[in-house]
Amino acid sequence: GAGLMACHGGAHLSESNKAELERIAGLIATPGKGITACDEGPGTIGGRFEAVGLQNSEEARRSYRQMLFETEGSADYLCG
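Residues numbered from 1 in each chain as written. Predicted model: local features only at pLDDT ≥ 70, side-chain atom pairs only at ≥ 80, totals over all residues. Heavy atoms only, no water.

Asker: Account for the overall build of the protein chain, naming residues and giving values.
Answerer: For the protein chain, the count of helices and strands is three helices and two strands. Out of the 80 residues belonging to the protein chain, those deemed buried represent 12%. Of the contacts formed within the protein chain by residues at least 6 apart in sequence, a portion of 47% connects residues at least 24 apart. When the accessible surface of the protein chain is split by element, carbon and sulfur atoms take 56% of a total near 6000 Å². (Helix = DSSP H or I, 4+ residues; strand = E, 2+ residues; numbered from the N terminus. Buried < 20%, exposed > 50% of the residue type's maximum accessible area, 1.4 Å probe, protein only. Contact = heavy atoms within 4.5 Å. Areas by Shrake-Rupley, 256 points an atom, 1.4 Å probe, with all protein chains shown as cover.)

What follows is the structure, encoded as structure tokens:
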């Protein structure tokens with residue numbers, strides 16, 4: 001079955017590590033929120049930028065990541 005312990009039962013984890021992992025998984029899976037990946041490479045994000053007419057530069061990628069996390073209210077919709 002699926003779930004935290006489906007692969008190997010977490011045999012290598014202490015009880016406190018299992019509890020911490022379950023706590024973190026619960027935070028990531030908070031209803032109404034999504035996970036955002038900010039480690040997209042230049043090739044991946046380049047397609048997104050091109051679609052909206054932005055130059056795929058290091059500065060543009062940095063500004064985009066900064067905007068994701070500093071926009072007022074973003075924490076209401078993003079987690080992880």
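From this point on, the discussion continues.
Asker: Requested: an account of the packing of aromatic side chains, with residues and values cited.
Answerer: For the coordinates displayed, the defined rule picks out one aromatic pair. Here the aromatic rings of Phe49 and Tyr64 are separated by 5.7 Å at their centres, their planes lie at 80°, and the arrangement is edge-to-face. Placement of Phe49 in helix α2 (residues 42–51) and of Tyr64 in helix α3 (residues 58–70) is noted, with a sequence separation of 15 residues between them. For Phe49, a relative accessible area of 3% puts it in the buried group. Judged by relative accessible area, which is 29%, Tyr64 ranks as partly exposed. (Phe/Tyr/Trp six-rings, centres within 6.5 Å; stacked < 30°, edge-to-face > 60°.)

Asker: Give a detailed account of the pattern of salt bridges, specifying residues and quantitative values.
Answerer: Tallied over the full model, the rule gives four salt bridges. For Lys18, the salt bridge is made with Glu15, and the minimal N-O distance between the two is 3.4 Å. A residue pair is termed a helical-turn pair when its members lie 3 or 4 positions apart in one helix, as Lys18 and Glu15 do in helix α1 (residues 15–28) at three residues. Measuring nitrogen to oxygen at the nearest pair gives 2.9 Å for the salt bridge that ties Glu58 to Arg62. Residue Glu58 and its partner Arg62 are both found in helix α3; the two are separated by four residues, about one turn of the helix. Here Glu58 falls in the exposed class, since its relative accessible area comes to 52%. Taking relative accessible area as the criterion, Arg62 reaches 36% and is therefore assigned partly exposed. (Salt bridge = Lys/Arg side-chain N within 4 Å of Asp/Glu carboxyl O.)

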